[in-house]
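A look at the structure
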Amino acid sequence: AQSVTQLGSHVSVSEGALVLLRCNYSSSVPPYLFWYVQYPNQGLQLLLKYTTGATLVKGINGFEAEFKKSETSFHLTKPSAHMSDAAEYFCAVSPINTGFQKLVFGTGTRLLVSP
Amino acid sequence: GAVVSQHPSWVICKSGTSVKIECRSLDFQATTMFWYRQFPKQSLMLMATSNEGSKATYEQGVEKDKFLINHASLTLSTLTVTSAHPEDSSFYICSARDPSGGSDTQYFGPGTRLTVL
């Protein structure tokens, strides 16, 4: 079964520092890949997605992610963290064996931003 | 665009009662909606796929008689938790696929927090 691994349940950065949230998937056939952000007691907001084409994907709020097939990774980055970036981030995949219809989520990474 | 709403945002009920949660796509028609549950500090787990005009497809381990799903129109899906028990307390989140945006992206509602006493 398809799985998604997010290394680090918590990541702490200082305001202005680089943000790097890691995501690896297990699949011989690349799935569609997504990053979502969740603020407390709210639903999920799509940050960015990769389906085909350019492997470096730019999303909202200054985030971007790069699909690396050889590493089965889709890490999320942002050059300079803001206090407002503090939230829970979920990596998700949509496997080909579901016709790219369903989402499988990672366990999430809580981003903490200190002044 | 692509806004999904849920109602209610939170609900508290007594054990043994039933609770209905609504999920609406506000500015698009959604032939497919999804229902997830999320336990505290955990990830989302897909419960079922709701298809307009047909029966829902449940994931393995989800009791279809306990979690009744109805998708009667292209903008509304409902989840009814029947005979709720404290272990059903959770955060329930729906999502909908916007066909005009491609079939690969789900837009999520704000969630409903259910507490069963």
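Just so it is clear, the structure is predicted and the values come from calculations on it, not from any experiment. (Residues numbered from 1 in each chain as written. Chains lettered and ligands numbered in written order. Predicted model: local features only at pLDDT ≥ 70, side-chain atom pairs only at ≥ 80, totals over all residues. Heavy atoms only, no water.)

So, the interface of chain A and chain B
Interface size, as often reported, equals the accessible area lost upon joining of the parts. Taken together, the contact between chain A and chain B spans 19 residues of the former and 21 residues of the latter. Of the roughly 1500 Å² buried between chain A and chain B on both sides combined, carbon and sulfur atoms contribute 49%. Here chain A is connected to chain B by one salt bridge. On inspection of chain A and its partner chain B, the count reaches five residue pairs in polar contact (both at pLDDT 80 or more). Counting residues per element, the ones that place at least two in the side of chain A that touches chain B are β5 (32-38) and β6 (44-50) of chain A. In terms of residues, the side of chain A that touches chain B owes the most to one element, β5 of chain A, which gives four residues. In terms of residue class, the side of chain A that touches chain B is built from nine nonpolar, eight polar and two charged. (Contact = heavy atoms within 4.5 Å. Buried area = accessible area lost by both parts, 1.4 Å probe. Salt bridge = Lys/Arg side-chain N within 4 Å of Asp/Glu carboxyl O. Polar contact = N/O pair within 3.5 Å; in protein donor to acceptor, adjacent residues only side chain to side chain. Helix = DSSP H or I, 4+ residues; strand = E, 2+ residues; numbered from the N terminus. Nonpolar A, V, L, I, M, F, W, Y, C, P; charged D, E, K, R; others polar.)

Here we look at the nonpolar core
Residues and elements named next belong to chain A. Within the largest apolar cluster, 26 residues are counted, with the highest numbers of intra-cluster contacts made by W35, L48, L76 and Y89. Contributions of two or more residues to this core are made by β2 (10-14), β3 (19-21), β5, β6, β8 (64-68), β9 (73-78), β10 (87-94) and β12 (109-114). No other element matches β10, which puts four residues into this core. (Core = buried A, V, L, I, M, F, W, Y, C linked by side-chain atoms within 4.5 Å. Buried < 20%, exposed > 50% of the residue type's maximum accessible area, 1.4 Å probe, protein only.)

Section: the side chain of D88 of chain B
Residue and element names in this part refer to chain B. Looking at the element boundaries, D88 is found in the loop between β8 (76-81) and β9 (90-97). Its relative accessible area of 4% is what places D88 among the buried residues. Residue contacts for D88: discarding those within four places in its chain leaves R37, K66, F67, V81, S83, L114 and V116.

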